[in-house]
Amino acid sequence: SSGRSSVCRSHWLPAKASPRRGRGSPSRKRSRSPGSQWLRQAEDLPEEEGLACMICHEGMSVRPGALLGVYGLVQAMPHLACSLGRVEGRGIGLSRAAAVVAGDAASSTTLASTVSAFHAIHYGCHNRSAAATSRPEWEGAAIRNSRMRTNVMVPLVGARVLPGEFRRAVERYRSAAEAQCGGGATGSLGLFLHDARLALLRMSRSEDLAANVGGGSDATNLNLVLALLDVAKFLFDDGDGERYRDLLKRFRAAAASAADDDGSGGASMLHDAAPFAGVLAVVLLSPEDWAASKAQLFRALIAWPGAPAAAPLAEAAGAWAAAAPKVRYALLLSHLRRARDRGHGPQLNDEAIARIRAALAVDDFSALDLLEEHEGSGSGSGSGSG
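Residues take numbers from 1 onward in each chain, read along the sequence in its written order. Totals for whole chains, interfaces and linings use every residue, but because this is a predicted model, local features are given only for residues with pLDDT of at least 70 and side-chain atom pairs only at 80 or more, for both listing and counting. The side-chain quantities take in all heavy atoms of the structure and omit both hydrogens and water.

**Notes on helix α9 (residues 218-237)**
Numbering of helices and strands runs from the N terminus; a helix is a DSSP stretch of H or I covering at least four residues, while a strand is a stretch of E covering at least two. One less than the number of residues in a helix, times 1.5 Å, gives the span that helix is expected to have. End to end, α9 covers 29 Å across 20 residues, agreeing with the expected 28 Å (1.5 Å per residue, within 8%). To sort residues, take the accessible area from a 1.4 Å probe on protein chains only and compare it with the maximum for the residue type: under 20% means buried, over 50% means exposed, and anything in between is partly exposed. Counting buried positions along α9 yields 16 of 20 residues, so the element is predominantly enclosed. Looking one or two places after α9, you find G239, whose phi comes out positive at around 105 degrees.

Structural data, given as structure tokens:
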């Protein structure tokens with residue numbers, strides 16, 4: 001870093017020659033050698049305790065004002081194309097005629113999904129490294145990224161990063177994601193929310209997220225989802241997203257009063273919108289509102305449309321093969337919400353990752369018991385990442 005290099009230069013410059021002293025001259029204490037002084041000062045430099053940049057080896061502790069990001073690979077997901085109106089629940093709480101228009105079930109939109117090995121780098125370090133070589137930007141980035149494919153950087157929220165600089169990083173991500181999909185359909189906030197939703201859907205379906213990248217793991221992609229949710233929270237706090245707040249409000253009201261499907265499509269709309277509403281709930285709800293709403297959210301997510309509301313979840317969901325992705329999605333939401341409540345930092349700890357892996361490994365309806373047990377333990381604040 002610039003601080004270290006200046007220390008090095010000042011102590012390795014040759015000392016000025018001093019006049020020779022005669023035998024009667026007063027003695028002079030021997031000064032420390034330049035090398036020993038430099039080493040002593042180097043030992044006093046602060047060490048990074050958290051996620052560190054792969055170039056300068058510093059991060060949020062040592063340089064809290066420098067914007068840090070992680071390399072990722074963003075790609076269009078045509079096999080997960082959807083009606084945004086249905087997935088976001090735009091017709092919930094409206095009249096039947098208005099719901100048909102808002103739901104826009106006939107349209108299909110392809111969105112982008114990002115995967116990552118969660119290798120961190122400062123935006124400044126990335127830009128300087130890209131400028132110092134004749135290679136294309138992302139070819140050089142792939143070399144730094146342990147030979148894993150990359151075409152985007154996801155910014156990490158830092159307490160002292162300038163909002164304007166962070167916004168520019170968000171727009172840079174947006175440009176890369178929209179280039180993959182052939183245009184913008186959701187805006188910056190929607191891109192991050194849907195990116196998190198798609199990542200959770202793919203994990204719940206046991207897709208191999210590392211296949212196209214050439215590395216990474218379930219742990220690194222869980223960390224990525226948390227980073228995406230942190231960016232979404234920043235954008236909400238910065239004044240974006242009143243439309244999404246309203247969508248979540250209407251979903252919670254409809255889910256709380258849901259009864260048997262009367263043929264109007266209400267239960268079906270709740271079911272289709274539940275994955276996206278779950279992402280919104282993890283980002284926006286207070287601990288008290290989360291505790292009050294999670295049961296209705298998970299029932300809308302897991303239960304088949306038209307299933308009796310009072311039926312046990314296992315009966316409503318039907319065969320485990322069909323229910324498993326929905327149960328896993330609910331478990332992921334539950335664990336990620338708990339991590340956010342406990343102040344996860346940029347990465348989940350090993351214990352939290354192990355708990356999530358153990359929950360997702362259950363391959364029968366006893367996973368519902370794990371969900372109830374985990375939710376029953378509460379999601380209050382505490383130390384660590386749960």
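**Concerning the pairing of strand β4 (residues 152-155)**
Of the two faces of β4, both are covered, the one formed by V152 and V154 as well as the one formed by M153 and P155. Pairing analysis gives four bridges linking strand β1 (residues 68-76) to β4, with the strands arranged antiparallel. Paired with Y71 across the two strands is M153, which belongs to β4. Pairing between strands is defined by DSSP: at least two bridges between the two strands are required.

**Section: unusual backbone geometry**
If you check the backbone angles, R147 has positive phi at about 65 degrees while not being a glycine. Within the secondary structure layout, R147 lies in the loop between α6 (137-144) and β4. On the basis of relative accessibility, which here comes to 66%, the residue R147 falls in the exposed class. For S206, which is not glycine, the phi torsion reads 60 degrees and is therefore positive.

**A look at the nonpolar core**
Among the buried residues, those of types Ala, Val, Leu, Ile, Met, Phe, Trp, Tyr and Cys that are joined through side-chain atoms within 4.5 Å form a nonpolar core. Formed by 105 residues in total, the largest nonpolar core has its most connected members in L193 and F251. Of the residues forming this core, the biggest block, 13 residues, is contributed by α9.

**Remarks on the pattern of salt bridges**
By definition here, a salt bridge exists when the distance from a side-chain nitrogen of Lys or Arg to a carboxyl oxygen of Asp or Glu is within 4 Å. Within the structure shown, the criterion is met by 19 salt bridges. As a salt-bridge pair, D237 and K233 come within 2.9 Å of each other at their nearest N and O atoms. Residue D237 and its partner K233 are located together in helix α9, separated by four residues, close to a single helical turn. In this structure K233 comes out as partly exposed when scored by relative accessible area, which is 27%. With a closest N to O distance of 2.9 Å, R355 and E351 form a salt bridge. Taken as a pair, R355 and E351 lie in helix α15 (residues 350-361) at a separation of four residues, close to a single helical turn. Judged by its relative accessible area of 54%, E351 is exposed.

**Description of the side chain of H122**
By the element assignment, H122 lies in strand β3 (residues 120-122). If near-sequence neighbours (up to four positions away) are discounted, H122 is found in contact with C53, C56, E58, G59, R63, A66, L67, L68 and M153. Here, residues are in contact when the closest pair of their heavy atoms is within 4.5 Å.

**Side note on the packing of helix α8 (residues 187-204) against helix α11 (residues 266-284)**
Working convention: axes come from line fits to C-alpha atoms, limited for helices to the stretch in contact. Angles between N-to-C directions cover 0 to 180 degrees. The contact between α8 and α11 brings their axes to 10 Å, and the two run at 120 degrees. By crossing handedness, the relation of α8 to α11 is classed as right-handed. Residues L193, H194, A196, R197 and L200 of α8 form the contact with α11, whose participating residues are P275, F276, V279 and L280. Grouping the amino acids of the contact of α8 with α11 by side-chain chemistry returns seven nonpolar, one polar and one charged. By definition, turning the near helix anticlockwise from the far helix through less than a right angle yields a left-handed crossing, and turning it clockwise yields a right-handed one. Amino acid classes used here: Ala, Val, Leu, Ile, Met, Phe, Trp, Tyr, Cys and Pro are nonpolar; Asp, Glu, Lys and Arg are charged; the rest, including Gly, are polar.

**Quick look at helix α12 (residues 287-302)**
Across its 16 residues, α12 extends 22 Å between first and last C-alpha, which sits within 8% of the 22 Å expected from 1.5 Å per residue. Fitting axes to the seven residues that end at a residue and to the seven that start at it, the angle between those axes gives the bend at that residue. The largest bend in α12 comes to about 45 degrees, at S293.

**What about the packing of helix α14 (residues 320-341) against α15?**
Where α14 contacts α15, the axes come no closer than 10 Å and their chain directions differ by 165 degrees. In terms of their interaxial angle, α14 and α15 are classed as roughly antiparallel. The handedness of the crossing between α14 and α15 is right-handed. Residues R328, L331, L332, H335 and R338 of α14 form the contact with α15, whose participating residues are R355, I356, A359 and L360. Residues that form the contact of α14 with α15 fall into these classes: five nonpolar, one polar and three charged. In these notes the angle categories are as follows: under 35 degrees is roughly parallel, over 145 is roughly antiparallel, 65 to 115 is roughly perpendicular, and the rest is oblique.

**A short note on the environment of V62**
With respect to the helices and strands, the residue V62 is situated in the loop between α2 (34-44) and β1. Distance from V62 to E47, taken between C-alpha atoms, is 6.9 Å for residues 15 residues apart in sequence.

**Looking at the side chain of S113**
For S113, the location among the structural elements is in strand β2 (residues 112-115). The contacts of S113, once residues within four sequence positions are left out, are L73, V74, Q75, M77, D195, L198, A199 and R202.

**Description of a negative patch on the surface**
Patch definition: residues above 30% relative accessible area lacking any salt bridge, with like charges linked at up to 9 Å and the nonpolar side chains Val, Leu, Ile, Met, Phe, Trp and Tyr linked at up to 5 Å. For accessible areas, the Shrake-Rupley method is used with a probe of radius 1.4 Å. Any residue's cover is judged against the shown protein chains and nothing else. Charge counting follows a simple rule: Lys and Arg are positive, Asp and Glu are negative, and His as well as the terminal groups are ignored. Charged side chains are reduced to one point each, which is NZ for Lys, CZ for Arg, CG for Asp and CD for Glu. Together, D364, D369, E372 and E373 give the surface a local cluster of negative charge. Looking at where E373 falls in the secondary structure, it is placed in helix α16 (residues 366-376).

**Focus on the confidence of the model for the protein chain**
pLDDT gives the predictor's per-residue confidence on a scale running from 0 to 100. When pLDDT is averaged along the protein chain, the result is 81, and 75% of the positions lie at 70 or above. The low-confidence segment residues 1-29, where pLDDT is below 50, has 17 contacts with residues more than four positions distant or belonging to other chains. In the predicted structure, residues 306-311 sits below a pLDDT of 50 and forms seven contacts with residues beyond four places in sequence or in another chain.

**Digging into the packing of aromatic side chains**
Pairing of aromatic rings covers Phe, Tyr and Trp, the last through its six-membered ring, and needs centres within 6.5 Å; plane angles under 30 degrees mean stacked, over 60 mean edge-to-face, and all others mean tilted. Evaluated as defined, the whole model comprises six aromatic pairs. Measuring from ring centre to ring centre gives 6.1 Å for W290 and F298, while their planes differ by 80 degrees; the resulting arrangement is edge-to-face. When its relative accessible area of 1% is taken as the criterion, W290 is described as buried. Accessibility expressed as a relative area gives 6% for F298, which makes it buried. Any Lys NZ or Arg CZ that is within 6 Å of a ring centre and within 35 degrees of that ring's normal is treated as a charge sitting over the ring. Above the face of the Y244 ring, R243 is positioned so that its terminal group lies 4.4 Å from the ring centre.

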